[in-house]
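The lines below spell out each chain.
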Amino acid sequence: ANLFQFCEAGFEYGESACGISASSSKILIKGGTVVNAHREQVADVYVEDGIIVAVKPNIKVADDVTVLDATGKFVMPGGIDPHTHLAFDFMSTQTIDDFFSGQAAALAGGTTMHIDFVIPVNGSLTAGFEAYVKKAKKSCTDYGFHMAITKWDEVVSNEMEIMVKEKGINSFKFFLAYKGALMINDELLLEGFKKCKSLGALAMVHAENGDAVYEGQKRMIELGITGPEGHALSRPALVEGEATSRAIRLAGFVNTPLYVVHVMSIDAVEEIARARKTGQRVIGEPIAAGLALDESRIWDPDFVTAAKQESALLSFFVFVLFLPSNDFQPFQPDDLSYFRYVMSPPIRASGHDKALQAALSTGVLQDTLTFLQLVGTDHCSFNSTQKALGIDDFRKIPNGVNGIEERMHLVWDIMVEAGQISVTDYVRITSTECARIFNIYPRKGAILPGSDADIIIFNPNSSLEITAKSHHSRSDTNVYEGRKGKGKVEVTIAGGRIVWENDELKVVPGSGKYVEMQPFSYLFNGIEKLDAKYLSSLKAPVKRSKSTA
Ligand code: URP
Ligand code: ZN
Ligand code: ZN
Ligand code: ZN
């Protein structure tokens, strides 16, 4: 931990000033079980200059090679977090983790790449991109960018093309929530979907109905509910379900693939499942917090009872007609610790978490199809001082939770240790599928000759307790505080360098590389055939009406 502090202070001077020399550029990982999404095998892995050179049993090497013994352990591709917000200016403040602290935390938790959301500056994608290039200069792990689209005109449309063709961005996020800030309307969403399709870029949505959220917030304030519990109550699952359904159907109408970020509810999963069963290309991304947390673990017991009564009376009319306002016992949090859980869409009642887990699993639950394909975090960390901006009004609590360091451990514990998925599935949902969707496979997401040497050594027999005291985020709180789990990332190798070993980080600011992502991932295969089918289905009735005339 000391080493990490020291490096952070000295990051402008690069690695020599920190007294850290890059670990050997030649590494042999011996005797582990090498896991890829498609198979697992006992093998050695030999790495040279940041690239995996060989994966096979009994590799012999000279003595200038660093040898790591992985006997009895899993050797897996480093995690790729598809959804983070580092150095994000949001809700009158900036996230506490920047590209250095956030990425250092990622590496300590076995994640070796993440994809962050570039936010345009006054609607300008070019200015937004420039700003994020600057923010990311201190990177110590590889990263890519998605880009948000917050307004629409010819300039934005042209900039999208530049981003895809020249800047290595192949995905754009549309916010259906955050009215008055990031939210866009359906007209813009359709324009955006069409543009994404023509560029081979993946459209992503934050699916909550922002107008309904605005209405829900007003309702809570009128009822005198200003505390953090008002956040979840103002944006129930139906608001997420509606927007998910709308986005999926509009993407289907345009015939372009869709990626739904931070899926938090049964309502949203059902919409994704329905679409996937019809063959529509929809990807659903649950986040670690949605899998690991539920309201009952968050709120004061008195509040949970109140919340249950309310959700039984969720319909607006029932709510207003039958719930006299003097029956309300507004929850008064006695300390700020509740604020840390505020994110959008909100962490939901128990049951939603189980449904999200089931939708991720295959095999073990025989009758369950995979309706969700990969796990992100939406790491968007604020400390308790920042969260206190909303002390008098939940609408001002900066939205976001941590997770970039915890994701790999949580998914292991909840999904693999609990018997819901296999180890190969684990690699698929934490790394490989993300690499495929964003078109960087097999450079990333695989332990194969030629792949980047982003590797973790995972000990399934070890264990871990999550706490803000030992985590590497700059936040003073952790939404998983005190959680214990089986399994531990013992070594992280990023770009061929050992960056995490013996609970010590050796990270070098500036060593992380920007990973350009090409358009037209596998999700676009055969899209034009579906277009042709659609066109011919239009012509048929035209012909018939002529012949009958
Ligand atoms: O509460 C959240 N999710 N904060 C990050 C911004 C976003 O909507 O992803
Ligand atoms: Zn350093
Ligand atoms: Zn979002
Ligand atoms: Zn997000």
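Treat the numbers as computed from the prediction; the structure is a model and nothing was measured.

Cut-offs used in this document
- Residue positions are counted from 1 within each chain, in the order its sequence is given.
- The order in which chains are written sets their letters, starting at A; the order in which ligands are written sets their numbers, starting at 1.
- For a predicted model such as this one, the threshold for reporting local features is a pLDDT of at least 70, and the threshold for listing and counting side-chain atom pairs is 80 or more; totals across whole chains, interfaces and linings nevertheless cover every residue.
- The criterion for a residue being near a molecule or strand is a backbone-placed C-beta atom within 6 Å of that molecule or strand.
- Nonpolar residues are Ala, Val, Leu, Ile, Met, Phe, Trp, Tyr, Cys and Pro. Charged residues are Asp, Glu, Lys and Arg, and all others, Gly as well, are polar.
- To get an axis, a line is fitted to the C-alpha atoms, and for a helix only the part in contact is used. The angle between two axes follows their N-to-C directions and goes from 0 to 180 degrees.
- Numbering goes from the N terminus for both helices and strands, where a helix is a DSSP run of H or I of at least four residues and a strand is a run of E of at least two.
- Throughout this description, any angle smaller than 35 degrees is read as roughly parallel, any larger than 145 degrees as roughly antiparallel, any in the 65 to 115 degree range as roughly perpendicular, and the remainder as oblique.
- A crossing counts as left-handed when the near helix is turned anticlockwise from the far one by less than a right angle, and as right-handed when that turn is clockwise.
- Note that contacts rest on C-beta atoms placed from the backbone: two residues are in contact if these are within 7 Å.
- What a helix is expected to span follows from its residue count: subtract one and scale by 1.5 Å.
- Residues are called buried when their C-beta atom has 20 or more other C-beta atoms within 10 Å, exposed when it has 12 or fewer, and partly exposed otherwise; all C-beta atoms are positioned from the backbone.
- A set of buried residues qualifies as a nonpolar core if it consists of Ala, Val, Leu, Ile, Met, Phe, Trp, Tyr and Cys joined through C-beta atoms within 7 Å.
- UniProt positions are given in the numbering used here, feature names are shortened, and annotations may be inferred rather than shown by experiment.
- DSSP-based pairing: two strands are paired if at least 2 bridges between them are found.

A. Geometry of the site of ligand 1. Taken together, His85, His206, His262, Met343, Ser344, Asp378, Cys380, Asn399 and Gly400 are the residues near ligand 1. Across the shell around ligand 1, the residue classes break down as 2 nonpolar, 6 polar and 1 charged.

B. Highlighting the packing of helix H16 (residues 407–417) against helix H17 (residues 423–437). Their axes nearest at 11 Å, the elements H16 and H17 cross at an angle of 140 degrees. In terms of axis orientation, H16 runs oblique to H17. Here the hand of the crossing between H16 and H17 comes out right-handed. Of H17, the residues touching H16 (which contributes Met408, Val411, Trp412, Met415 and Val416) are Val423, Tyr426, Ile429 and Thr430. Partitioned by chemical class, the residues of the contact of H16 with H17 number 8 nonpolar, 1 polar and no charged.

C. Focus on helix H9 (residues 237–254). A rise of 1.5 Å per residue sets the reference length of H9, with its 18 residues, at 26 Å; its end C-alpha atoms lie 26 Å apart and thus fit the reference within 8%. For H9, every residue scored as buried is listed here: Ala237, Val239, Glu240, Gly241, Ala243, Thr244, Ala247, Ile248 and Ala251. The inward-facing, buried residues of H9 contact helix H6 (186–199), strand E12 (202–206), helix H7 (210–222), strand E13 (258–260), helix H10 (266–277) and strand E14 (282–284). Looking one or two places after H9, you find Asn255, whose phi comes out positive at around 60 degrees.

D. Quick look at the nonpolar core. Counting 147 residues, the largest nonpolar core has Val45, Val75, Ala203 and Val260 as its most contacted members. Apart from the residues lying within four places of it in its own chain, the contact partners of Val260 are Val205, Ala207, Thr244, Ala247, Ala268, Ile272, Val282, Ile283, Gly284 and Glu285.

E. Fine view of the UniProt feature "modified residue: N6-carboxylysine" (unreviewed entry) in the protein chain. UniProt records the feature "modified residue: N6-carboxylysine" (unreviewed entry) at Lys173, using the numbering of this structure. Here Lys173 is to be found in strand E11 (residues 171–175). Residue classification places Lys173 among the buried positions, given that 22 C-beta atoms sit within 10 Å. When residues no more than four places from it in sequence are discounted, the contact partners of Lys173 are Phe117, His146, Ala148, Met204, His206 and Val261.

F. Main features of the pairing of strand E3 (residues 51–56). Pairing geometry for strand E2 (residues 40–48) and E3, over 5 bridges, is antiparallel. Across the sheet, residue Tyr46 finds its bridge partner in E3, namely Ala54. Count of turn residues in the E2/E3 antiparallel hairpin: 2 residues, of which Asp49 carries a positive phi of about 50 degrees.

G. Here's a closer look at the environment of Gly403. For Gly403, the location among the structural elements is in the loop between helix H15 (384–387) and H16. With 150 residues separating them in the primary sequence, Gly403 and Phe253 have C-alpha atoms 34 Å apart. In contact with Gly403, not counting residues within four places along its chain, are Ile287, Ala288, Ala289, Thr377, Asp378 and His379.

H. Structural view of the sheet that holds strand E9 (residues 111–118). Read from one edge to the other, the open sheet built from 7 strands follows the order E6-E9-E10-E11-E12-E13-E14, with strand pairing classed as parallel. A single partner strand is all that each edge strand has here, and the edge strands are strand E6 (79–84) and E14. Neighbour-to-neighbour, the strand axes of the sheet open up by a mean angle of 25 degrees, direction not taken into account. As paired strands, E9 and strand E10 (residues 142–149) are joined by 6 bridges and run parallel to one another. Counted as the bridge partner of Ile115 is Gly144 from E10. Seen against the sheet, helix H3 (residues 101–108) touches E6 and E9 and runs at an angle of roughly 145 degrees to E9. Across the face of the sheet, H10 comes into contact with E13 and E14 while running at roughly 150 degrees to E14.

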